[in-house]
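# Examination of the molecular architecture
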Amino acid sequence: HHLVEARSYKDLSNISFAEVAVVVNDSDKQGIFPVLLHHILSSGQHDDSIMWFSHGRAFAIIDKEKFFAEVSPLYFCTYEYELFMKWVEAYGFQQVKYSKGKTEMVVFYHERFLRFRSW
């Protein structure tokens with residue numbers, strides 16, 4: 001396994017997504033997008049399309065077609081990759097291209113979005 005692209009990482013685990021929500025004009029919802037995303041990942045029900053990395057500081061959509069056909073509409077009311085990406089970017093998630101053998105995927109992380117820290 002190796003990262004194709006690396007970025008600096010800051011530990012912001014003590015900052016709430018409610019604080020981030022104010023910055024992206026979502027204060028009335030108190031960061032509903034990351035809450036739902038965390039639920040999806042932590043439930044384990046959709047590990048065939050989206051999953052945490054074992055270290056719990058990043059996740060990947062491993063089956064893009066299945067995620068946007070089945071999971072995204074259920075939780076985010078959209079089939080659109082572009083809209084999902086706008087939310088990801090609005091909340092400050094970073095993307096890293098990751099390759100494992102012949103498989104390449106996009107990995108997402110945010111210094112505050114951690115597997116073992118529930119909302």
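Before any of the text, the structure's been laid out above.
All residue numbers here refer to positions counted from 1 along the written sequence of the relevant chain. Where totals are concerned, whole chains, interfaces and linings use all residues; where local detail is concerned, this predicted model gives features only for residues with pLDDT of at least 70, and gives and counts side-chain atom pairs only at 80 or more. With hydrogens and water excluded, all non-hydrogen atoms of the structure serve as input to the side-chain values.

Since the α-helix packs 3.6 residues into each turn, any two residues three or four apart lie on the same face. A run of H or I in DSSP becomes a helix once it reaches four residues, and a run of E becomes a strand once it reaches two; helices and strands are each numbered from the N terminus. One less than the number of residues in a helix, times 1.5 Å, gives the span that helix is expected to have. With twelve residues, helix α2 (residues 32–43) should cover 16 Å at 1.5 Å per step; its first-to-last C-alpha distance of 16 Å lies within 8% of that length. Turning to α2, its buried residues are Phe 33, Pro 34, Leu 37, His 38, Ile 40 and Leu 41. Buried positions in α2, seen along its axis, are confined to an arc of 160 degrees and lie on one side of it. Looking at the residues trailing α2, positive phi occurs at Gly 44, about 75 degrees. The buried label goes to any residue with under 20% of its type's maximum accessible area, the exposed label to any with over 50%, and the partly exposed label to all in between, with areas taken from a 1.4 Å probe on protein chains only. Note that the arc is computed from the directions linking the helix axis to the C-beta atoms.

At their nearest, the axes of α2 and helix α3 (residues 64–76) sit 11 Å apart, and the two run at 135 degrees to each other. When the axis of α2 is compared with that of α3, the two are oblique. By crossing handedness, the relation of α2 to α3 is classed as right-handed. Between α2 and α3, the residues in contact are Phe 33, Leu 36, Leu 37, His 39 and Ile 40 and Val 71, Tyr 75 and Phe 76, respectively. Residues are grouped as follows: nonpolar covers Ala, Val, Leu, Ile, Met, Phe, Trp, Tyr, Cys and Pro; charged covers Asp, Glu, Lys and Arg; every other residue, Gly included, is treated as polar. Looking at the contact of α2 with α3 residue by residue, the class counts come to seven nonpolar, one polar and no charged. Structural elements are reduced to axes, namely lines fitted to C-alpha atoms, with helices fitted over the stretch in contact, and the angle between N-to-C directions of any two is expressed from 0 to 180 degrees. Any angle that falls under 35 degrees is termed roughly parallel, while one over 145 is termed roughly antiparallel, one within 65 to 115 roughly perpendicular, and all others oblique. Note on convention: the crossing is left-handed when the near helix lies turned anticlockwise from the far helix by less than a right angle, right-handed when the turn is clockwise. The criterion used for residue contact is that any of the two residues' heavy atoms lie within 4.5 Å.

This part takes up the packing of aromatic side chains. Any pair of Phe, Tyr and Trp rings, taking the six-membered ring for Trp, is counted once the centres come within 6.5 Å. Such a pair is stacked with planes under 30 degrees apart, edge-to-face with planes over 60 apart, and tilted for the rest. Throughout the structure, instances matching the rule amount to 17 aromatic pairs. Consider the rings of Trp 52 and Phe 59, whose centres lie 6.5 Å apart with planes at 80 degrees: the pair is edge-to-face. On the basis of an interplanar angle of 90 degrees and a centroid distance of 4.9 Å, the ring pair of Phe 67 and Phe 68 is categorised as edge-to-face. In this structure, Phe 67 and Phe 68 share a single accessibility class: buried.

Pairing between strands requires that DSSP locate at least two bridges from one strand to the other. For strand β4 (residues 94–100) and strand β5 (residues 103–109), the ladder comprises seven bridges, and the chain directions are antiparallel. Bridged to Gln 95 within β5 is Phe 108. Linking β4 to β5, which pair antiparallel, is a turn of two residues; within it Gly 101 sits at a positive phi near 65 degrees.

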